[in-house]
Amino acid sequence: MWRDIESCELPHPMFMKHAQALQQYVEDALAGCEPKVTRVPGPSGVGKSSLIATLARAYPMTRVNGRLQAPVLIVRVPSLATEKQLPACVLESLGLTVPGSQTGRALLTMMLEQLKLAGTRMVIFDEISHLVDEGSRVPPRAASDWLKSLLDRARVALMMCGIPRLERLFSSNEQLRRRSRPKREFLPYDACDAEQMKAYIACVTSYARMFSAAGYPISVPPRVLTQQTYLLTGGLIGVLSDFMRELARRVTRDAPRAVTYTDCQMVLEEVSHAGSPHLLAFQDSAAEDMDVPAAALKQAYVHVLTTNSTQVPMRKKSGGK
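As the structure is a computational prediction, the values presented were derived from the model and not from experiment.

**Student:** Which parts of the structure should I look at to understand the packing of aromatic side chains?
**Tutor:** Think of a pair of aromatic rings as described by two things: how far the centres are apart, and how the planes are tilted against each other in angle. Evaluation of the coordinates by the stated rule reveals four aromatic pairs. Seen from their ring centres, Phe-243 and Phe-282 are 5.5 Å apart, and the 10 degrees between their planes marks the pair as stacked. Remark: Phe-282 occurs in the loop between helix 12 (261–266) and helix 13 (294–307) and Phe-243 occurs in helix 11 (residues 237–251); sequence separation between them is 39 residues. In this structure Phe-282 comes out as buried when scored by relative accessible area, which is 1%. Pairing Tyr-261 with Phe-282 gives two aromatic rings, centres 5.4 Å apart and planes at 65 degrees, and the pair type is edge-to-face. Note that Tyr-261 is positioned in helix 12 and Phe-282 in the loop between helix 12 and helix 13, a separation of 21 residues in sequence. Of the two residues examined, Tyr-261 and Phe-282, each falls in the buried class. Chaining the aromatic ring pairs together yields one cluster made of Phe-243, Tyr-261 and Phe-282. Of note, Arg-39 hangs over the ring of Phe-170, and the distance from its end group to the ring centre comes to 4.2 Å. Across from the ring centre of Tyr-25, 3.9 Å away, lies the NZ or CZ of Arg-181, which sits over that ring.

This is the structure we're talking about:
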């Protein structure tokens, strides 16, 4: 069962909204529209990797008469990448071995040639925020200049995913900003927004149904399960998935039985707590019969955003002018 949960990508509303928009951007690039830059900043665990995996499945690399065709190319940027490593990362994503003796200029020329041969129309950079990590060896301006050069010289659209720090690439380069769409922030679900919390509850319910279908019904009341997991996740579905996967691993060691509040407590040592440290999830056994204050749920959400250098969105006021 835990393998089913591990491979499960819940089609929840926030995910689907971004997935549909990004797929349209890919279609625009494949249709020959003017290359543009799309950026998707969001906290770790929000689901950016799942978005990229969805696009990779929809637009796989193929071979035609032995020649690689990669209309959409996924490039993973390593931590503390150098400027010379950037074209090397692109070439390696195309399945090519990069000689260590090559100069940066030679790698750049080779990259442009290979992108053209592969028919690449969009390059998706995963973890592009590594370029502006603390201690990075590439100044933000140099990295953003390189990306703009790739956009112009290869005539390919660019999509960039990473933690919110990636905005430094755009704040340092007005020309790159001008060639970009407005950022598509991928945020966790806000417990104070009724519609968003409804979507989060639906995700918890979907996982609970998977447990029941496998013979391990969760005996924790749905309201309690939702509130306690929210304290853990701060609305991050990726963290919820981690929790459910570890819970499944624990209980499936036994014959089919009910999953208890104690089981939930026991798996916390295997899951990183993303929510507020002031009220931890599943810590108090008495919480099994108590509501979590709305302020504590909001605090978990705000903590996720602030620790990821993300501004808390302003909620629209209802009624009046």
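**Student:** What exactly am I supposed to notice about the pattern of salt bridges here?
**Tutor:** Close approach of charged atoms allows side chains with opposite charge to pair. Applying the stated criterion across every chain, the model contains 17 salt bridges. Residue Arg-155 pairs with Glu-34 through a salt bridge whose shortest N-O separation is 3.2 Å. Here the residue Arg-155 occupies a position in the loop between helix 6 (140–154) and strand 6 (157–162), and Glu-34 occupies one in the loop between helix 2 (13–30) and strand 1 (37–41), the gap between them amounting to 121 residues. Look at Arg-155 and you get partly exposed, because its relative accessible area is 40%. Of the charged contacts, one joins Arg-165 and Asp-133 as a salt bridge, the two residues approaching to 2.8 Å between their closest N and O atoms. Within this pair, whereas Arg-165 is found in the loop between strand 6 and helix 7 (167–171), its partner Asp-133 is found in the loop between strand 5 (122–126) and helix 6, the two being separated by 32 residues in sequence. Classification of Asp-133 by relative accessible area gives buried; the value is 16%.

What counts and how
Residue numbering note: each chain is counted from 1, following its sequence as written. Totals for whole chains, interfaces and linings use all residues, but because this is a predicted model, local features are given only for residues with pLDDT of at least 70 and pairs of side-chain atoms are given and counted only at 80 or more. For side-chain calculations, the full set of non-hydrogen atoms in the structure is used, while hydrogens and water are omitted. The criterion for an aromatic pair is that two Phe, Tyr or Trp rings (for Trp, the six-membered ring) have centres within 6.5 Å, with stacked assigned to planes under 30 degrees apart, edge-to-face to planes over 60 apart and tilted to the rest. A run of H or I in DSSP becomes a helix once it reaches four residues, and a run of E becomes a strand once it reaches two; helices and strands are each numbered from the N terminus. With a 1.4 Å probe rolled over the protein chains alone, any residue whose accessible area is under 20% of its type maximum counts as buried; one over 50% counts as exposed, and the rest are partly exposed. Only Lys NZ and Arg CZ are tested; either one counts as a charge over a ring when it is within 6 Å of the ring centre and within 35 degrees of the ring normal. We define a salt bridge as a side-chain nitrogen of Lys or Arg found within 4 Å of a carboxyl oxygen belonging to Asp or Glu.

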